[in-house]
Amino acid sequence: MSNSKPPLRKNPSRETCENIIRRILMTEILEKGKNEHFKTAADFMVYFESLYPATDALTKQVQRAVRSMNMPKNEHGYFIPNKTAEQLAQEQELHRLLQKTQAAVFTMEDYVPVFLKTTPETVSYLMHEIEQSPAFADKYLTMQPCSNGIIFHSNCPQKLKVLLNSLIVR
């Protein structure tokens, strides 16, 4: 029998800790869809202590790694990996703005383009008047200026055509 002791594993570098923390968080997100476990450096210690001897130096190194990663936290205090605080702030601002404006997402597969041919000089004024008109309110989702006219996207193109033609042929 050999009397040799197993080699002592030294503490990981801060960069190694950061990589391990990223892997832990990405695994958490892949398995659960979001981070619901890690709020502080102490939450990572079980994983690090399974790889390295539990020491105060290891704890400090993990704390340094978490601090240097400067990860933002969600509204419940859990770390959000792969986002900066600036990205999170921008997303939160977009969320507030979209909520405030009652935004909605539409697919255009149910909408048909309808082209209104007119002179380029009148496009802007016509679009303004059409936007203000209650008669057009439910006839189109969007309209876009283009050369020689306006393109509407409508889920009731026949009604829109009838309305436009009735205004053209008075």
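Scroll up for the structure.
Computed from a prediction, not measured in an experiment: that's the story for all the values here. (Residues numbered from 1 in each chain as written. Predicted model: local features only at pLDDT ≥ 70, side-chain atom pairs only at ≥ 80, totals over all residues. Heavy atoms only, no water.)

Caption draft 1: Quick look at helix 4 (residues 85-100). Compared with the 22 Å implied by 1.5 Å per residue over 16 residues, the 22 Å span of helix 4 between its first and last C-alpha is a close match. Two residues or fewer past helix 4, Q102 is found with a positive phi of approximately 55°. (Helix = DSSP H or I, 4+ residues; strand = E, 2+ residues; numbered from the N terminus. Expected span 1.5 Å × (residues − 1).)

Caption draft 2: Region of interest: the pairing of strand 2 (residues 142-146). Relative to strand 3 (residues 149-154), strand 2 runs antiparallel, the two being bridged by five bridges. Bridging from a neighbouring strand, C146 pairs with G149 of strand 3. Here strand 2 hands over to strand 3 after two residues, with N148 in that stretch at a positive phi of 70°. (Pairing = 2+ DSSP bridges.)

Caption draft 3: View of unusual backbone geometry. Unusually for a residue other than glycine, N70 sits at a positive phi of about 50°. For N70, the position within the fold is in the loop between helix 3 (56-69) and helix 4. Judged by relative accessible area, which is 54%, N70 ranks as exposed. At Q102, a position not held by glycine, the phi torsion is positive, near 55°. Inspection of the secondary structure puts Q102 in the loop between helix 4 and strand 1 (112-117). (Buried < 20%, exposed > 50% of the residue type's maximum accessible area, 1.4 Å probe, protein only.)

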